[in-house]
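Residue strings, one per chain:
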Amino acid sequence: MRIGVVADGEGGGWMQEFDGPGPVRRVDDLARAVGEAERDGPRWVWGATEDVYPAFLRAGVRLGRCHDTALTEALLLGREGRHGEPSSLGAAWARLHGLPVPEDPVHPLGKGVLAQPALFEADRSTLPPGTDRLAALAEVHADQERRLAALPAGMRLLAAVESAGALAAAEMGHDGLPWRPDVHDRILTEVLGPRPPAGQRPPVLAELAARIGEAVGREVNPDSPAQVLRAMAWIGHPVESTRAWVLERVDHPVVPLLLRYKELARLHSANGWAWLDTWVEEREGPGGLRLGRFHPDYVVGGVVSGRWATRGGGALQIPKAVRGAVRADPGWVLVRADAGQLEPRVLAAVSGDAALAAAAAEDDLYARLAARTGGDRERAKIGMLAAMYGQTGGVAAPLLAAMRRSFPRALEYVDAAARRGEEGGTVRSWLGRTSPVPQGWGAAVAGPDGERRRRAHGRFTRNFVVQATAAEWALVLLASLRRRLPPLPEGAGIVFFVHDEVVLHVPREDAARVVRAVAEAEEHTRTVLFGDTPVRFPLAVAVARDYASAQGPA
DNA sequence: TTCTCGAGCGCC
DNA sequence: AAAGGGCGCTCGAGAA
């Protein structure tokens, strides 16, 4: 059963069965009505999950399945070579009617914990005022179903898991990652010294800056690449940039100071006290414990490859240094599941390379690679990454040649994708997500920089076929896992997701069942995507009180 | 003063 | 070792 939903922006709305003879139902309490109808397990149809689902979550209503027309429209447009065209409900409807297509609404950038959660979401459908929004939704949905039916079955699955991902993303944003402000503060203080007044350098950074000045014989702001560049020239060690790996090659006492400064300044500016103030919502726990939540604002499908992006807060770039602050509430635990070596396993599965698949049947793929190519594990890994990323020079060259000899089919798969890209063509993920052609391709490759740009785009499409398929593996896993979780108390469940790993926050007594659900989801994901492939996608599962100690070996 | 851009580096 | 893919975020510098 499919039920279309439109909110009126005041807590009520309209509902209608889309695949039955159901009449339009007007309800004053939409969350409640939706929650009741959820018992029949429908697939909810709406314009944008991020516009409607958070309000349902705030009302305590969780839903199983949906069809997000904006996300689906974007997938279909991409498939038609129309990346970047507006995909909102209003845009899709306007195209159906030959009307001017409105721009997509601009989502307000992350505002942190100070932002008031809107009581009611504004209408961001971009439908013209006065349009029958439910009828428009029905039209767009029917059109999308028709277009999907004409495509390979993978696209249907892709649309379903993209939509499921949107549900999961909203739930993670709602529940939040348990984050202990006191632990974060302790970590910062240990390496930076006590918190300074706003706008000032922490003591350790101030001291490093002073010592850098002494080492070069003049005052220099280490935060300014231009000043550092001048300072290096001044002391007789000119460098082309101030990147860490460039500075590392210079033998001068100022270098270790600069490198240390960079590292700590990064921590301070990106994930220091200001970040903590802005992004971690603090609440009082039992016994005066300072508990907190970091609410990631995921952008599903925000990357062309299908990876997610985030808006504000940098949820996908939380540095390892502060992960100790991610700590389960008393009596609860974190369950972390990490897909190791996902991308080479994906390549083994999609390319059908028997030798690589045999290696990918093992827990440590790289060790098997090394045995096969006759090198050590570390070099086998570099060779594999070079194959997937398009690196050709340096130490990678001989390793790449070894890969090509041992895994010709896998290499041919990514080489073919690279050739397509260099010719200005598109490539597709396993389920059918399509790569974009850069704006102004013809002129760009005709210009003086043309050859370089061809090669760059070839590296992009080479990587796309792997990265985009890895992203959909993760989407299927997420979708599968959230449907398999045992009943859990409010606020428990999946709380974090980063490309190839997922973290759950659950009461300790539920951990064992959750771990079993993860194992089932892993098996289901492999089968749904790749059938009876010998390739395995092992998830390393750890149950721990804090995220840092749930990190597997690197 | 405000905006935009590149440099640089965090994550996968 | 540095002709390696994808991002987001912060800062300084220069433009407006």
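Residues numbered from 1 in each chain as written. Chains lettered and ligands numbered in written order. Predicted model: local features only at pLDDT ≥ 70, side-chain atom pairs only at ≥ 80, totals over all residues. Heavy atoms only, no water.

If you look chain A up in an unreviewed UniProt entry, it shows as DNA-directed DNA polymerase from Nocardiopsis algeriensis. Chain A has a UniProt comment under Catalytic activity (unreviewed entry) that states "DNA(n) + a 2'-deoxyribonucleoside 5'-triphosphate = DNA(n+1) + diphosphate". (UniProt positions renumbered as here; feature names shortened; annotations may be inferred.)

Focus on the UniProt feature "domain: DNA-directed DNA polymerase family A palm" (unreviewed entry) in chain A
UniProt's feature table lists "domain: DNA-directed DNA polymerase family A palm" (unreviewed entry) at residues 319-510, given in the numbering used throughout. Between the C-alpha atoms that bound residues 319-510 there is a distance of 28 Å. The span itself is 55% helix and 10% strand. (Helix = DSSP H or I, 4+ residues; strand = E, 2+ residues; numbered from the N terminus.)

Some points on the sheet that holds strand 14 (residues 539-544)
As summarised here, the arrangement of the four strands in space is 12-13-11-14, forming an open sheet in which the pairing is antiparallel. For this open sheet the edge positions go to strand 12 (493-497) and strand 14, each flanked by a neighbour on one side alone. Each adjacent strand pair in this sheet contributes to an overall mean axis angle of 20°, direction not counted. Of the pairings in the sheet, the one linking strand 11 (residues 332-339) to strand 14 comprises six bridges and is antiparallel in character. The residue bridging Leu 334 from the neighbouring strand is Ala 544, located in strand 14. In this fold helix 20 (residues 450-484) packs onto strand 11, strand 12, strand 13 (501-507) and strand 14, with an angle of close to 160° to the strand it touches most, strand 12. (Pairing = 2+ DSSP bridges. Axes fitted to C-alpha atoms, helices over the stretch in contact; angles between N-to-C directions. Contact = heavy atoms within 4.5 Å.)

What to know about the pairing of strand 1 (residues 2-7)
Within a regular beta strand, the side chains point alternately toward one face of the sheet and then the other, so they alternate between its two faces. The element strand 1 is extensively covered by neighbouring structure, given that five of its six residues are classed as buried. Where strand 1 meets strand 4 (residues 43-46), three bridges bridge the pair, whose relative direction is parallel. Residue Arg 2 lies in a different strand from strand 4, and its bridge partner there is Arg 43. Bridging between strand 1 and strand 2 (residues 13-17) involves five bridges; their strand directions are antiparallel. Within the sheet, the bridge partner assigned to Ala 7 lies in strand 2 and is Gly 13. Turn length for the strand 1-strand 2 hairpin, with the two strands adjacent in sequence and antiparallel, is five residues, and the turn residue Gly 9 shows positive phi of about 80°. (Buried < 20%, exposed > 50% of the residue type's maximum accessible area, 1.4 Å probe, protein only.)

What to know about the sheet that holds strand 2
Overall, mixed pairing links the five strands, which are arranged 3-2-1-4-5 in an open sheet. Where the open sheet ends on each side, the last strands, each with one partner, are strand 3 (25-27) and strand 5 (65-68). Across this sheet, the average inter-strand angle for adjacent strands is 25°, counted without regard to direction. Sitting on the sheet, helix 5 (residues 133-149) touches strand 1, strand 2, strand 4 and strand 5, and the angle it makes with strand 1 is about 140°.

Description of the protein's contact with DNA strand C
DNA strand C sits among 26 residues. The nearest are Ser 224, Gly 312, Tyr 389, Gln 391 and Arg 459. The sugar-phosphate backbone supplies 76% of the atoms of DNA strand C found within 4 Å of the protein. Between DNA strand C and the protein, one listed contact pairs a phosphate oxygen with a side-chain N or O atom of Ser 224 at 2.6 Å. Arg 459 places a polar side-chain atom, nitrogen or oxygen, 2.4 Å from a phosphate oxygen of DNA strand C. For the surface near DNA strand C, the secondary structure elements donating two or more residues are helix 11 (254-271), strand 10 (309-310) and helix 20. Per element, the largest residue contribution to the surface near DNA strand C is four residues, and it comes from helix 20. When its residues are assigned to classes, the surface near DNA strand C shows six nonpolar, 15 polar and five charged. (Near = heavy atom within 4 Å. Polar contact = N/O pair within 3.5 Å; in protein donor to acceptor, adjacent residues only side chain to side chain. Nonpolar A, V, L, I, M, F, W, Y, C, P; charged D, E, K, R; others polar.)

A short note on the protein's contact with DNA strand B
Close to DNA strand B lie 17 residues; Thr 242, Arg 266, Arg 307, Gln 317 and Asp 500 are nearest. In the model, a phosphate oxygen of DNA strand B is placed 3.0 Å from a nitrogen or oxygen of the Lys 262 side chain. At a separation of 3.3 Å, a base nitrogen of DNA strand B approaches a polar side-chain atom of Gln 317. The class makeup of the residues in the surface near DNA strand B is six nonpolar, four polar and seven charged.

Regarding the environment of Ala 511
With respect to the element layout, Ala 511 can be found in helix 21 (residues 511-530). Under the relative-accessibility criterion, Ala 511 is labelled buried at 8%.

Regarding the packing of helix 5 against helix 6 (residues 153-175)
The N-to-C vectors of helix 5 and helix 6 enclose an angle of 140°; their axes lie 8 Å apart at closest approach. With respect to helix 6, the element helix 5 is oriented oblique. Where helix 5 abuts helix 6, its residues Glu 145, Leu 148 and Ala 149 lie against Met 155, Arg 156 and Ala 159. The residue inventory of the contact of helix 5 with helix 6, partitioned by class, reads four nonpolar, no polar and two charged. (Parallel < 35°, antiparallel > 145°, perpendicular 65-115°, else oblique.)

Section: unusual backbone geometry
In this structure, Thr 126 takes a positive phi of about 60° despite not being glycine. You can see Thr 126 is positioned in the loop between helix 4 (89-96) and helix 5. The phi dihedral of Gln 341 falls on the positive side, at around 55°, and the residue is not glycine. For Gln 341, the position within the fold is in the loop between strand 11 and helix 13 (342-351). Judged by its relative accessible area of 18%, Gln 341 falls in the buried class.

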